[in-house]
Amino acid sequence: MPVRPENRHQARLLRLLRDDGSRSRVELGDAVGLSRSRLAAEVERLVELGLVETAGPAASRGGRRSSLLRVASTVRFAGIVIGTEQICVSVTDGELGVLAEIREPSDLRLGPEPVVGRAVELVGKLRAELGLAQLAGAGVGLPGPVAVGGGAPAAPAAVPGWQGFPVRDTVGAELGCPTLVDNDANVRALGEQHAGIGRTFDDFLYVKLGTAIGCGLVLGGDLHRGATSSAGDIAHLRLGDDGPTCGCGEVGCLEAYCGDSGLVRVALAAARSGRSPALAERLAAAGALTVADVAAAAAAGDPVIQAAVRDGGRRLGQALVGLVSFVNPGIVIIGGAPDGLGHTLLAEVRAVVYRRSAPQATGTMPIVLSDLGDRAAVVGAARLISDRVFAPD
Ligand SMILES: [Zn+2]
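So, a few notes on the structure that sits alongside this text. (Residues numbered from 1 in each chain as written. Predicted model: local features only at pLDDT ≥ 70, side-chain atom pairs only at ≥ 80, totals over all residues. Heavy atoms only, no water.)

**Regarding the nonpolar core**
Thought 1: Counting residues in hydrophobic clusters, the biggest one holds 45 residues, and the most contacted among them are Leu 209, Leu 316, Val 332 and Ile 334.
Thought 2: Considering each element in turn, this core owes the most residues, eight residues, to helix α11 (residues 303-327).
Thought 3: Ignoring any residue separated from it by four or fewer positions in sequence, one finds Val 332 in contact with Leu 205, Val 207, Leu 320, Val 324, Met 365, Pro 366, Ile 367 and Val 368.
Thought 4: Within the second largest apolar cluster, 38 residues are counted, among which are Leu 49, Leu 69, Val 71 and Val 218. (Core = buried A, V, L, I, M, F, W, Y, C linked by side-chain atoms within 4.5 Å. Buried < 20%, exposed > 50% of the residue type's maximum accessible area, 1.4 Å probe, protein only. Helix = DSSP H or I, 4+ residues; strand = E, 2+ residues; numbered from the N terminus. Contact = heavy atoms within 4.5 Å.)

Put into structure tokens, the structure is as follows:
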């Protein structure tokens, strides 16, 4: 099994090197506040353990020349993201930079065994390409709620058949490395914290739109999962007693207004009633409508669809008014919006949140679209497991 740091000082040094890149011994000493001899001893152990290596001489600050240190080039993580319609796997270096990545269409409804099996296979392919004997760990992002302690999707699972399937244990056994599983909103929040705009905020919300809606909360620099790892599970917040019926069977859920299925439902109704001739034509030709058709109709100026998208944005804004006043984040990052609809949704969210929240809470709080996009998910999955691996036993 891969090695781990032996104490909290070593863990802290590893995380610094992961997050900030290579550093000289002098800079590391300044950052962790260890005596020179203690630092030298801890670094020496990390080098012996194969977790850290020297990376050439550092720029001189006067006095004795220092060498640069970095996470060892043998430390490699796998980031696996299983979506409702796509699998994405990647292998990163110790700083969580993506070295290689494969994306391919998938279908969650096929069930956990073939989908998880395929993800493992793709990691194997990347390992072979990169000539990797061993992974330091694997992180997995899944749509919908995940019981993090058990490493399996929790109820209500994104689709039937996945609830309780031991994703963590299956992937861990196949890849032979420590493995952790979390929901995709949390994983993406970690990605934003590592490589996106979340880097500069200790407190932020990451709202994940798309097929499964969720919210990752980073509070005081740490992801907050709550007592039963369901913090941020906002998909079924009730926003209207006479709203549309949600996939969960209730009415008026956030997901029924601004999730992909909610938007497609409005588009289908508009096509069938003849209020949207272009969508009716598309439905007749393709036999079904997708969220890409919704985006195309909005871009073409279809008033029914534009109104539905704006309404979805306003509902999300209403949900955020409550969340923002409760959590007081430094920034709200919105990701996973269907291509072409992000800016319309964002404009409505901003209008509602800034109008209805206390200026004290939102006066300086930006609301932005993620600029990492799906990259947040694979980097975040790697970050998830690296937090575990770069922690003392
Ligand atoms: Zn619902």
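**Things to note about the sheet that holds strand β2 (residues 52-57)**
Thought 1: The sheet built from three strands is open, its strands ordered β1-β3-β2 with antiparallel pairing. At either end of the open sheet lies a strand with only one pairing partner, and these are β1 (23-24) and β2.
Thought 2: Here β2 runs beside strand β3 (residues 67-71); their pairing, made up of four bridges, is antiparallel. Directly across from Thr 54, in β3, lies its bridge partner Leu 69.
Thought 3: Most of the contacts of helix α1 (residues 8-20) go to β3, to which it runs at about 90°, and overall it touches β1, β2 and β3. (Pairing = 2+ DSSP bridges. Axes fitted to C-alpha atoms, helices over the stretch in contact; angles between N-to-C directions.)

**Notes on the environment of Glu 250**
Thought 1: Positionally, Glu 250 belongs in the loop between β13 (222-223) and α7 (254-258).
Thought 2: Expressed as a C-alpha distance, the spacing of Glu 250 and Arg 238, which sit 12 residues apart in the sequence, is 8.5 Å.
Thought 3: Polar contacts involving the side chain of Glu 250 include one to the side chain of Arg 238, which spans 3.3 Å. (Polar contact = N/O pair within 3.5 Å; in protein donor to acceptor, adjacent residues only side chain to side chain.)

**Comments concerning the sheet that holds strand β10 (residues 179-183)**
Thought 1: Strand order in this open sheet of five strands is β6-β5-β4-β7-β10, and the pairing throughout is mixed. Each having just a single partner strand, β6 (98-105) and β10 make up the two edges of the open sheet. Here the strands of the sheet are splayed against their neighbours by 15° on average, with no regard to which way each runs.
Thought 2: Where strand β4 (residues 77-82) and strand β7 (residues 137-142) come together, five bridges link them in parallel fashion. Among the inter-strand pairings, Ala 78 is bridged to a residue of β7, identified as Ala 138.
Thought 3: Against the sheet, helix α5 (residues 167-175) makes contact with β4, β7 and β10, and its axis sits at roughly 145° relative to β10, the strand it touches most.
Thought 4: In the packing of helix α14 (residues 375-389) onto the sheet, the strands contacted are β4, β5 (86-92), β6, β7 and β10, and the crossing angle to β4 comes to about 130°.

**Concerning helix α10 (residues 291-299)**
Thought 1: For α10, every residue scored as buried is listed here: Val 291, Asp 293, Val 294, Ala 295, Ala 297 and Ala 298.
Thought 2: The secondary structure elements touched by the buried residues of α10 are α8 (260-273), α9 (277-286) and α11.
Thought 3: Capping the start of α10, Thr 290 holds a side-chain oxygen 3.2 Å from the backbone nitrogen of Ala 292, two or three residues further along.
Thought 4: Phi for Gly 301, located one or two positions after α10, is positive at around 90°.

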